[in-house]
Amino acid sequence: QIGSRLFAYDFGYKIIFLLKKLFHDFLLDNNVKEDHIIYLALDDTLNNHLLNPLALESYIRNLIKDDENYYIMIDEIQRVFPIVNPIFTEGKIKKAKKDDQDAITFVNIILGFMQLDNIDLYISGSNSKFLSRDIMTEFRDRGDEIHMQPLSFSEYVQAIKSKDTTSAFNEYLLHGGMPLILSYDTADQKEEYLRNLFNLTYHKDVIERNGIKNEKELEILTKVMASNVGSLTNPNIIADTFRTKMKANISKDTVYSYLKYLEDAFIITKVDRVDVRGRKHIGATYKYYFADPGLRNARLDFLHRDDGHVMENIIYNELIRRGYSVQIGVVEVFSKNNENKTIRSILETDFVVSLGSQYYYIQSAYKMDTIEKEEQERKSLIHIHDSFKKIIITRESGPVRRDQYGIVYIGVEQFLLDENSLDL
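Keep in mind it's a predicted model, so treat the numbers as computed, not measured.

What counts, and at which threshold
Residues numbered from 1 in each chain as written. Predicted model: local features only at pLDDT ≥ 70, side-chain atom pairs only at ≥ 80, totals over all residues. Heavy atoms only, no water. Phe/Tyr/Trp six-rings, centres within 6.5 Å; stacked < 30°, edge-to-face > 60°. Helix = DSSP H or I, 4+ residues; strand = E, 2+ residues; numbered from the N terminus. Buried < 20%, exposed > 50% of the residue type's maximum accessible area, 1.4 Å probe, protein only. Pairing = 2+ DSSP bridges. Contact = heavy atoms within 4.5 Å. Axes fitted to C-alpha atoms, helices over the stretch in contact; angles between N-to-C directions. Salt bridge = Lys/Arg side-chain N within 4 Å of Asp/Glu carboxyl O. Nonpolar A, V, L, I, M, F, W, Y, C, P; charged D, E, K, R; others polar. Core = buried A, V, L, I, M, F, W, Y, C linked by side-chain atoms within 4.5 Å. Right-handed = clockwise from strand over helix to strand, strands pointing away. Expected span 1.5 Å × (residues − 1). Arc of directions from axis to C-beta.

J.: Where do I start with the packing of aromatic side chains in this structure?
T.: Each aromatic ring pair is described using two quantities: the centre-to-centre distance and the angle formed by the ring planes. All told, the structure shown has 15 aromatic pairs when counted by the stated rule. Judged by centre distance (5.9 Å) and plane angle (35 degrees), the ring pair of Phe198 and Tyr202 falls under tilted. Of the two residues, Phe198 and Tyr202 both sit in helix 7 (residues 187–210), four residues apart, roughly one turn of that helix. Assessed through its relative accessible area of 3%, Phe198 is described here as buried.

Spelled out as structure tokens, the structure:
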């Protein structure tokens with residue numbers, strides 16, 4: 001898509017292939033001259049001299065020689081450090097402090113480039129704290145922000161050109177959809193790549209950028225989150241886990257900060273709970289999902305599979321990719337015991353999904369091989385007394401069916417491969 005003033009991508013690990021290869025080739029095929037395509041990777045040490053915003057501006061402006069269109073792509077823009085305006089330092093370059101209102105940042109430089117009519121500018125970064133806030137507040141209607149995600153299962157199947165979707169899904173459960181996975185042939189190569197990628201993102205986007213001193217605490221926390229993906233938790237619960245199981249003291253405030261850092265680095269996503277009947281948020285506990293199942297498995301060195309929760313994670317990622325708002329549903333149920341006393345119980349629906357007037361309740365069920373298991377999975381759904389669609393996504397393949405309660409059953413592969421699967 002040519003002609004936009006600004007694109008901003010947040011998922012940096014996909015941007016290199018998308019911009020540097022696919023978009024670059026697309027521009028050449030559309031008769032754009034090679035020297036009118038400028039790509040800068042600011043995490044390359046050869047470009048360290050461009051981390052000064054004024055040096056970056058000067059370098060790019062010197063490459064613009066005529067009035068023809070130029071396509072400028074800057075990866076890892078957040079690495080550009082703010083400086084004190086040289087006017088106030090007698091021409092000397094000094095790094096600015098966070099609260100310096102007169103600082104020159106990459107935002108100032110980008111806004112300057114946007115005044116030039118012959119520039120299409122594409123910036124990317126891998127940390128939401130640096131990009132989303134600045135772009136949304138400073139650029140407003142002058143640019144678009146796009147959050148890049150790993151390959152969906154549908155994209156993955158298309159890329160590997162496989163008709164065996166069952167084998168493809170089993171592979172996707174383990175290694176996920178990071179684009180460079182496609183360039184490796186063996187499981188060992190893929191897993192080594194994912195370990196390295198997680199460590200790079202983990203150290204670069206979390207430890208270095210947030211000045212974390214106790215790396216061991218964060219390492220343990222990421223393993224705890226990977227082991228409990230899709231489970232209800234909160235900072236208090238996690239801090240108690242540190243104390244009881246790992247004999248380590250860590251405050252809930254520190255846990256909260258670490259979780260926020262992991263969210264900012266797009267490693268995990270927090271999902272809130274909502275009372276299905278009252279549509280009220282329940283803030284006591286919530287769930288976390290990983291951006292990619294391969295990254296989750298890499299954190300555990302591919303030793304703790306837990307395919308049921310990982311499938312739930314994949315379903316969540318797909319719903320978000322399709323643009324739905326997703327929450328965890330809580331259903332309050334009252335019943336009578338043998339003594340005719342009222343018993344209150346809380347049931348959970350994996351996902352409460354909405355988009356405009358569309359509304360769905362979804363359960364993820366890896367196995368439903370017994371009558372008892374099927375009853376367990378649909379129990380919360382049959383206690384939701386409204387007319388919105390109720391769906392159970394299973395690992396088993398087969399035709400879409402409905403039971404006597406009106407609940408729809410669909411296999412996960414069909415759900416992931418059909419964009420309209422929620423309306424089947």
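J.: I keep staring at the sheet that holds strand 11 (residues 342–355) and nothing clicks. Help me out?
T.: Paired through backbone hydrogen bonds, the strands of a sheet run either parallel or antiparallel to each other. What the eight strands build is an open sheet, ordered 9-8-10-11-12-13-15-14; its pairing is mixed. Edge strands, defined here as strands with exactly one partner in the open sheet, are strand 9 (281–290) and strand 14 (401–402). Note that strand 13 (residues 389–394) and strand 15 (residues 408–411) share four bridges and pair parallel. Looking across to strand 15, one finds that Thr394 is bridged to Gly411. Sitting on the sheet, helix 10 (residues 252–264) touches strand 8 (268–275) and strand 9, and the angle it makes with strand 8 is about 110 degrees.

J.: Looking at this structure, I do not really get the pattern of salt bridges. What am I missing?
T.: Oppositely charged side chains can pair when the atoms bearing their charge come close. For the structure shown, the criterion picks out 24 salt bridges. With a shortest N-O distance of 2.2 Å, Asp240 and Arg243 are connected by a salt bridge. Of this pair, Asp240 and Arg243 both sit in helix 9 (residues 235–245), three residues apart, roughly one helical turn. Take Asp240: its relative accessible area is 37%, and that puts it in the partly exposed class. Close ionic contact of Glu332 with Arg344 constitutes a salt bridge, the shortest N to O distance being 2.4 Å. Residue Glu332 is located in strand 10 (residues 325–336), and its partner Arg344 is located in strand 11; the two are separated by 12 residues in the primary sequence.

J.: Sorry if this is basic, but what is going on with the packing of helix 6 (residues 165–175) against helix 7 here?
T.: Each pair of packed helices can be summarised by the angle the axes make with each other and by the distance between the axes. At a minimum axis distance of 11 Å, the contact between helix 6 and helix 7 shows a crossing angle of 35 degrees. Mapping the contact onto sequence places Glu171, Leu174 and His175 in helix 6 and Ala187, Lys190, Glu191 and Leu194 in helix 7. Considering only residue class, the contact of helix 6 with helix 7 consists of three nonpolar, one polar and three charged.

J.: Looking at this structure, I do not really get the nonpolar core. What am I missing?
T.: Buried together is how nonpolar side chains tend to be arranged in soluble globular proteins. Leu218, Leu221, Leu319, Phe351 and Ile362 are the most contacted members of the largest nonpolar core, which has 64 residues in total. The greatest single-element share of this core, amounting to seven residues, is contributed by helix 7. Contacts of Leu218, omitting those with residues within four sequence positions, involve Tyr202, Val206, Ile207, Ile212, Tyr258 and Leu262. Counting 25 residues, the second largest nonpolar core, distinct from the first, contains Ile38, Leu56, Ile64 and Leu111.

J.: Would you mind going over the pairing of strand 2 (residues 37–41) with me for this structure?
T.: The side chains of a regular strand alternate between both faces of the sheet. Here strand 2 lies mainly inside the structure; four of its five residues are buried. As paired elements, strand 2 and strand 3 (residues 70–75) share five bridges and run parallel to each other. Within the sheet, the bridge partner assigned to Ile38 lies in strand 3 and is Ile72. The parallel pair strand 2 and strand 3 is bridged by helix 2 (residues 53–63), and the resulting crossover is right-handed.

J.: Explain the environment of Val326 to me, please; I cannot follow it from the model alone.
T.: With respect to the secondary-structure elements, Val326 resides in strand 10. For Val326, a relative accessible area of 10% puts it in the buried group. Residues Val326 and Leu116, spaced 210 residues apart in sequence, show a C-alpha to C-alpha distance of 40 Å. Leaving out residues up to four positions away in the same chain, Val326 has contacts with Val271, Tyr316, Leu319, Ile320, Phe351 and Val352.

J.: Just to check I follow, could you spell out helix 13 (residues 371–382) for this structure?
T.: Side chains of residues three or four places apart in an α-helix project in the same direction, reflecting 3.6 residues per turn. With 12 residues, helix 13 extends 15 Å from end C-alpha to end C-alpha; this agrees with the ideal 16 Å at 1.5 Å per step. Within helix 13, the full set of buried residues consists of Glu374, Glu377, Arg378, Ser380 and Leu381. Taken down its axis, helix 13 places every buried residue within 150 degrees of arc, on the same side. Seen from the buried face of helix 13, the exposed residues on the opposite side, beyond 90 degrees, are Ile371, Glu372 and Gln376. Packed against the buried residues of helix 13 are strand 10, strand 11, strand 12 (358–365), strand 13, strand 14 and strand 15.

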